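An overview of the molecular structure
In case you want the letters, here they are:
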Amino acid sequence: MEENKNVSKKSWKRIFKKRWFFPAVYLAVAALLLTGVLWYQNASNQAPDLAEDMENQLDDLSTGQEGQDKEDATTVMQQQEVLKMPISEDLQVEIVTKFYDYGANAEEQEQALILHQNKYYQSDGIAISTSDDKAFDVKASLSGTVTEVKDDPLLGNVVKMEHEHGISTYYASLDEVFAEQGNELKQGQTIGTAGQNTLGQDNGVHVHFEVRKDGTPVNPEDFINQPINKIVAPDKGEEDKEPAAEDEEKEEDSSEESENSTENEGTTEDESSTEEGNSTESDSSTTEEESSTEDSSVESEDNANSESETESSSAMEHA
């Protein structure tokens with residue numbers, strides 16, 4: 001064992017005595033130092049790059065989120081339905097009766113009147129017909145729920161649908177009805193076929209179409225191809241004028257009635273005063289007659305007394 005130790009020490013001494021030993025050690029240390037310096041410089045240079053990469057990644061994330069939001073908004077807009085005519089898009093039709101608009105001119109208002117039994121009625125919708133006067137399919141103008149199906153004596157078969165935003169649609173003058181109450185219909189699905197009714201018999205085969213906002217009729221032509229949330233009720237300013245005129249007429253009638261009542265009261269007072277005058281005159285005449293009667297009775301009594309005195313005087317003279 002001791003011999004082995006001595007041999008190893010001698011070998012290390014021999015290595016130390018070599019000329020290349022210490023230069024090799026210096027070179028190895030220098031290489032290590034140089035490697036450490038280069039690694040530090042690379043780490044320093046990579047730090048801004050890492051920060052920039054992080055910023056780019058964050059920008060990409062935010063851009064992707066904005067793009068997703070835009071896509072979602074576009075999807076929502078695409079889901080927002082627009083009001084369609086209740087017919088096939090390729091069908092050639094005409095509007096034979098318009099919606100009665102108080103702000104329209106006289107010609108358009110005349111086109112919105114319906115004549116029935118010598119009376120004119122204002123149209124709350126539009127009547128759609130074809131030039132050949134043939135039956136055609138009636139489509140749902142919006143997606144919604146069928147809430148009512150009935151047979152009206154004047155309007156014919158009627159289908160009512162409820163939609164979002166307080167919108168409801170009515171389809172009247174139907175011949176055949178394919179929808180039932182409670183059905184969920186998509187836009188463009190067939191509700192029935194156009195037919196005839198009693199109220200609009202002059203229009204022949206047609207469909208009477210109404211759109212209402214919170215129960216108030218609106219002009220369908222104003223909102224065709226418009227989003228459903230753009231449908232608003234009309235301004236009732238002009239409609240309120242007619243009730244005001246009626247109120248004025250009522251006030252005039254009431255004023256005339258009050259004047260008539262005043263005249264009647266004056267007449268009654270005149271009659272009462274006349275009656276009072278007549279009663280007074282009758283009373284005075286009665287009083288005069290009574291007084292004259294009393295005077296005559298007094299005169300008769302005086303004459304009787306004078307005659308009795310004469311008779312007594314003549315009897316005394318004979319005695």
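The coordinates are above.
Right, let's walk through the structure included here. (Residues numbered from 1 in each chain as written. Predicted model: local features only at pLDDT ≥ 70, side-chain atom pairs only at ≥ 80, totals over all residues. Heavy atoms only, no water.)

1. So, the packing of aromatic side chains
To be explicit about the condition: Note on aromatic contacts: the rings of Phe and Tyr and the six-membered ring of Trp form a pair at centre separations within 6.5 Å, being stacked when their planes are under 30 degrees apart, edge-to-face when over 60 apart, and tilted otherwise. Strands here mean DSSP runs of E at least two residues long; helices mean DSSP runs of H or I at least four residues long; both are numbered from the N terminus. Whether a residue is buried, partly exposed or exposed follows from its accessible area with a 1.4 Å probe, protein chains only, as a fraction of its type maximum: under 20%, in between, or over 50%, in that order. A ring is scored as having a charge over it whenever the NZ atom of a lysine or the CZ atom of an arginine sits within 6 Å of its centre and within 35 degrees of its normal.
Taken as a whole, this structure holds two aromatic pairs when the rule is applied. Relative to tyrosine 102, the ring of tyrosine 100 lies with its centre 5.3 Å away and its plane at 85 degrees, an arrangement referred to as edge-to-face. For the pair tyrosine 171 and phenylalanine 209, a centre-to-centre distance of 5.5 Å together with 35 degrees between the ring planes defines the contact as tilted. Remark: phenylalanine 209 occurs in strand S11 (residues 206-213) and tyrosine 171 occurs in strand S8 (residues 167-177); sequence separation between them is 38 residues. What makes tyrosine 171 buried here is its relative accessible area of 0%. Taking the relative accessible area as the measure of exposure, phenylalanine 209 reaches 0% and is therefore buried. Taking NZ or CZ as reference, arginine 212 lies 4.6 Å from the ring centre of tyrosine 170, over its face.

2. As for unusual backbone geometry
Unlike most non-glycine residues, aspartate 133 shows phi in positive territory, near 60 degrees. As for its placement among the helices and strands, aspartate 133 is situated in the loop between strand S4 (126-129) and strand S5 (137-139). One non-glycine residue, aspartate 214, lies in positive phi territory at about 55 degrees.

3. Comments concerning the nonpolar core
Definition in use: Here, the term nonpolar core denotes a set of buried Ala, Val, Leu, Ile, Met, Phe, Trp, Tyr and Cys residues that are joined through side-chain atoms within 4.5 Å. Pairs of residues are marked as contacts when any of their non-hydrogen atoms sit within 4.5 Å.
Counting residues in hydrophobic clusters, the biggest one holds 28 residues, and the most contacted among them are Leu83, Met161, Tyr171 and Ile191. Secondary structure elements with two or more residues in this core: S4, strand S7 (156-162), S8, strand S10 (190-194) and S11. For leucine 83, the residues in contact, after removing those within four places along its chain, are Ser141, Leu142, Phe209, Val211, Pro220, Phe223, Ile224, Asn225, Gln226 and Ile231.

4. What about the pairing of S4?
Which entries qualify depends on this criterion: At least two bridges found by DSSP between two strands are what make those strands a pair.
Alternating positions in S4 separate into two faces, Ile126 and Ile128 on one and Ala127 and Ser129 on the other, with burial throughout. Alignment of strand S1 (residues 94-97) against S4, held across three bridges, turns out to be antiparallel. Counted as the bridge partner of glutamate 94 is serine 129 from S4.

5. Focus: the pattern of salt bridges
Operational definition: The term salt bridge refers to a pairing of a side-chain nitrogen on Lys or Arg with a carboxyl oxygen on Asp or Glu at a separation within 4 Å.
Across all of its chains, the model carries four salt bridges by this definition. With a closest N to O distance of 3.8 Å, glutamate 148 and lysine 150 form a salt bridge. A relative accessible area of 29% places glutamate 148 in the partly exposed class. When the shortest N-O distance is used, the salt bridge between glutamate 210 and arginine 212 registers 2.9 Å. This pair shows no difference in class: glutamate 210 is buried, exactly as arginine 212 is.

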